[in-house]
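A structural walkthrough
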2 protein chains.
Amino acid sequence: MLSAMGEFDLIARYFTRPTRRAALGVGDDCALLLPAPGTQLAISSDMLVQGRHFFADVDPFTLGHKALAVNLSDLAACGAQPLAFTLALALPQADEAWLAPFSRGLLALADAHGCELVGGDTTQGPLNICITVFGEVPVVQGKSQALLRSGARAGDDIYVSGTLGDARLALEALRGTLTLPAAALAQARRRLEQPTPRVALGQALRGVASAAIDVSDGLLGDLRHILRASAVGATLNTSVAITLIAACARPDWATAIISSEKQLDYVLAGGDDYELAFTAPASARQAVQAAARQADTPLTRIGHIDAEAGLRLMDAAGKAVTRSFSSFDHFA
Amino acid sequence: MLSAMGEFDLIARYFTRPTRRAALGVGDDCALLLPAPGTQLAISSDMLVQGRHFFADVDPFTLGHKALAVNLSDLAACGAQPLAFTLALALPQADEAWLAPFSRGLLALADAHGCELVGGDTTQGPLNICITVFGEVPVVQGKSQALLRSGARAGDDIYVSGTLGDARLALEALRGTLTLPAAALAQARRRLEQPTPRVALGQALRGVASAAIDVSDGLLGDLRHILRASAVGATLNTSVAITLIAACARPDWATAIISSEKQLDYVLAGGDDYELAFTAPASARQAVQAAARQADTPLTRIGHIDAEAGLRLMDAAGKAVTRSFSSFDHFA
């Protein structure tokens with residue numbers, strides 16, 4: 001009786017669970033949350049729109065995962081511990097065959113991070129998923145421990161976590177602009193559809209990184225936000241960067257069909273990566289490696305911060321790479 | 001150069017303002033918020049979809065107002081003091097002629113309530129406005145002062161604030177199912193397009209009301225949420241209720257063309273009212289009136305809570321009114 005399932009039934013069936021940290025969860029006018037003493041609340045909202053952020057035929061389980069993952073990624077970039085989230089959902093119809101796997105994918109990731117669904121809204125309309133996520137950041141002696149974009153200083157190293165470019169590679173394959181071997185497509189597609197928010201790494205980097213951002217629109221564009229907020233410039237090593245695209249590491253997979261220029265394009269401006277890009281003083285290299293081990297997350301040092309404004313690309317020989325890379329912009 | 005205005009320009013131009021209460025506002029991965037000591041955070045999300053919650057040609061200034069008003073109304077129903085909000089916005093295109101008045105209407109109401117825009121998201125897609133709002137509720141000696149749905153007890157009075165039914169009257173006029181005199185339409189339309197969230201009343205009712213909810217889906221439907229959460233029933237006086245529709249108070253306005261049955265329909269099940277419905281012990285009548293004066297908000301006592309489950313309607317003569325009223329459901 002899908003047509004008879006109203007808003008309140010739908011919420012009760014798929015999105016209501018016992019409250020844990022929240023004083024009051026789904027089912028009243030507001031949720032009530034009591035942040036731990038000595039913490040500050042980190043808040044971020046992300047909206048996913050069909051046709052823009054995902055294909056109409058995407059597996060709803062992975063869509064549920066990704067809708068929360070992109071929000072947890074923002075908390076990670078602040079060094080926040082996930083606490084709770086709200087979900088506002090516009091659906092063309094209350095389709096149980098869609099809602100059941102969507103809610104499973106969403107809540108599986110939520111449970112993995114102890115992040116509680118505390119409220120939200122459902123309505124009829126073109127498919128739109130809007131999540132607002134809340135996390136805690138310690139405040140020590142009046143000073144917030146949040147990782148901001150504004151703390152990068154000349155001489156700092158620049159790092160990225162994990163791999164970059166594979167999500168874009170999968171997107172292009174799904175769009176039909178290139179063809180990948182099945183195993184390479186499967187691997188790249190997992191990166192596109194089920195990104196891993198670097199929540200543990202973000203927290204491990206508190207007090208270590210000088211600035212951080214999550215890579216959602218492409219590394220160059222997102223790094224520029226750090227450079228602008230910190231009033232600095234940067235130099236990146238393209239011969240290191242190009243190694244970051246995982247699917248091209250095996251010559252029998254993608255390198256045969258994708259030029260190295262295209263690989264670099266995807267690494268530097270692919271988008272949808274949900275890795276962390278961050279800076280740290282050279283004196284903190286051991287602490288950075290310790291954070292990587294603690295969070296069980298690989299890191300790559302790809303450049304350094306300059307006093308001079310602008311973003312420069314250098315190859316292994318120290319020669320300037322002057323081609324242009326365009327960052328992803330949801331309104332460009 | 002509309003087409004050249006990207007997401008970041010759009011946010012900077014229309015939605016970035018200096019932070020006040022927030023430790024960090026728009027422009028990093030997360031906003032940072034430090035709730036006052038001894039308070040709990042109240043959180044609510046509402047999503048507005050074109051064609052479902054507003055007409056495509058609605059004045060964007062009033063739409064900005066309403067998008068925040070419906071969220072502030074949820075805070076009001078909890079007795080919370082507004083603190084901050086996030087805005088996620090899907091737009092078909094970055095149209096300055098729309099964005100400028102929309103942001104003015106939104107931020108004018110935000111300023112009136114000291115409620116700060118701290119973050120959000122913009123993306124391209126069918127018009128969708130998702131706001132998540134944060135408020136503070138005092139916690140006194142470990143006990144939250146939030147107004148919940150679950151505190152109504154047999155013998156309690158039932159009140160509603162302001163007027164009910166006018167928003168629905170305007171909606172029907174705009175849909176063309178009835179015709180109103182111009183002055184009546186203008187008045188009713190203000191109620192539909194620029195509802196007044198009862199924020200001051202909600203706070204004044206802390207420690208006075210036993211249960212509260214905001215009337216968004218229609219009085220009967222919303223009151224049933226209180227009855228269910230409190231495991232009680234209720235009796236409403238229809239001869240009092242019918243006086244709540246403002247546009248019909250002048251005989252030369254709407255009564256000539258709208259039957260009294262229809263008027264009662266709109267009052268009890270019209271929806272989109274954003275008034276508060278609440279219960280309070282009969283012993284608290286003076287305190288309720290004091291709260292009404294303090295909040296400068298008219299109240300009407302329309303019934304009482306019964307121990308017996310179910311919602312009963314009685315006319316002035318004490319005779320049962322047995323017709324059925326259907327509540328608004330975004331998926332029905």
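This text goes with the structure placed above it.
Before going into details, it helps to say that this report is about the structure given with it.

Criteria and cut-off values
Residues numbered from 1 in each chain as written. Chains lettered and ligands numbered in written order. Predicted model: local features only at pLDDT ≥ 70, side-chain atom pairs only at ≥ 80, totals over all residues. Heavy atoms only, no water. Helix = DSSP H or I, 4+ residues; strand = E, 2+ residues; numbered from the N terminus. Contact = heavy atoms within 4.5 Å. Areas by Shrake-Rupley, 256 points an atom, 1.4 Å probe, with all protein chains shown as cover. Pairing = 2+ DSSP bridges. Axes fitted to C-alpha atoms, helices over the stretch in contact; angles between N-to-C directions. Least-squares fit on C-alpha atoms with pLDDT ≥ 70 in both. Expected span 1.5 Å × (residues − 1). Buried < 20%, exposed > 50% of the residue type's maximum accessible area, 1.4 Å probe, protein only. Buried area = accessible area lost by both parts, 1.4 Å probe. Salt bridge = Lys/Arg side-chain N within 4 Å of Asp/Glu carboxyl O. Polar contact = N/O pair within 3.5 Å; in protein donor to acceptor, adjacent residues only side chain to side chain. Nonpolar A, V, L, I, M, F, W, Y, C, P; charged D, E, K, R; others polar. Parallel < 35°, antiparallel > 145°, perpendicular 65-115°, else oblique.

Of regular secondary structure, chain A possesses 11 helices and 12 strands. Contacts in chain A between residues far apart in sequence, at least 24 positions, make up 84% of those at least 6 positions apart. Surface summary for chain A: the accessible area is close to 12600 Å², and the carbon and sulfur share equals 53%.

Glancing now at the sheet that holds strand S8 (residues 211–215) of chain B. Backbone-to-backbone hydrogen bonds pair the strands of a sheet. The strands run either parallel or antiparallel. Residues and elements named next belong to chain B. The mixed open sheet is built from 7 strands, whose spatial order is S8-S10-S7-S11-S9-S12-S13. Looking at the sheet topology across the chains shown, the edges are occupied by S8 and strand S13 (320–321). As judged from the 5 bridges shared by strand S7 (residues 157–161) and strand S11 (residues 299–306), these two strands associate in the antiparallel manner. Bridge pairing in S11 links Val160 to Thr300. Along the sheet, helix H2 (residues 60–78) makes contact with S8 and strand S10 (275–280), crossing S8 at roughly 170 degrees.

Further remarks concern the relation of the copies chain B and chain A. Relative to chain A, chain B is turned by 180 degrees and slid 0.0 Å along the rotation axis, the superposed coordinates differing by an RMSD of 0.0 Å. Taken together, the turn and the small shift mark the pair as related by a two-fold rotation axis. Both copies contact each other with a shared surface, as 100% of the interface residues of chain B are interface residues in chain A too.

The subject of this paragraph is helix H5 (residues 182–193) of chain A. An ideal rise of 1.5 Å per residue puts 16 Å on 12 residues; H5 of chain A measures up with 16 Å between its terminal C-alpha atoms. Considered for burial, the residues of H5 of chain A that qualify are Ala184, Ala188, Arg191, Leu192 and Glu193 of chain A.

Before going further, it helps to spend a moment on the interface of chain B and chain A. Between chain B and chain A, the residue contacts involve 65 residues of the former and 65 residues of the latter. Counting the surface lost from both chain B and chain A, the interface buries some 5000 Å², and carbon and sulfur atoms represent 61% of this. For the pair chain B and chain A, the interface holds 0 salt bridges. The tally of links between chain B and chain A comes to 13 residue pairs in polar contact (both at pLDDT 80 or more). Looking at the side of chain B that touches chain A, the elements that each hand over two or more residues are helix H1 (7–15), strand S1 (31–33), strand S2 (39–49), H2, strand S3 (81–91), strand S4 (116–124), strand S5 (128–140) and S8 of chain B. Ranked by residues supplied to the side of chain B that touches chain A, first place goes to S2 of chain B with 10 residues. For the side of chain B that touches chain A, the residue count by class is 34 nonpolar, 20 polar and 11 charged. Bridging between strand S1 (residues 31–33) of chain A and S2 of chain B involves 3 bridges; their strand directions are antiparallel. Bridge pairing in S2 of chain B places Leu32 of chain A opposite Ala42 of chain B.

Turning our attention to the packing of helix H4 (residues 166–175) of chain A against H5 of chain A. Residues and elements named next belong to chain A. For the pair H4 and H5, interaxial distance at closest approach is 7 Å and the crossing angle is 110 degrees. Regarding the angle of H4 to H5, the classification is roughly perpendicular. Note on element contacts: H5 touches H4 through Leu185, Ala188, Arg189, Arg191, Leu192 and Glu193, opposite Asp166, Ala167, Leu169, Ala170, Leu171, Ala173 and Leu174. Residues of the contact of H4 with H5, tallied by class, amount to 9 nonpolar, no polar and 4 charged.

Further remarks concern the sheet that holds strand S8 (residues 211–215) of chain A. Residues and elements named next belong to chain A. Overall, mixed pairing links the 6 strands, which are arranged S8-S10-S7-S11-S9-S12 in an open sheet. Both outer strands of the open sheet, S8 and strand S12 (310–314), are each paired with one neighbouring strand and no more. Direction aside, the axes of adjacent strands within the sheet are offset by 25 degrees on average. As judged from the 4 bridges shared by strand S7 (residues 157–161) and strand S10 (residues 275–280), these two strands associate in the antiparallel manner. When the bridges of S10 are listed, Val160 appears paired with Ala277.

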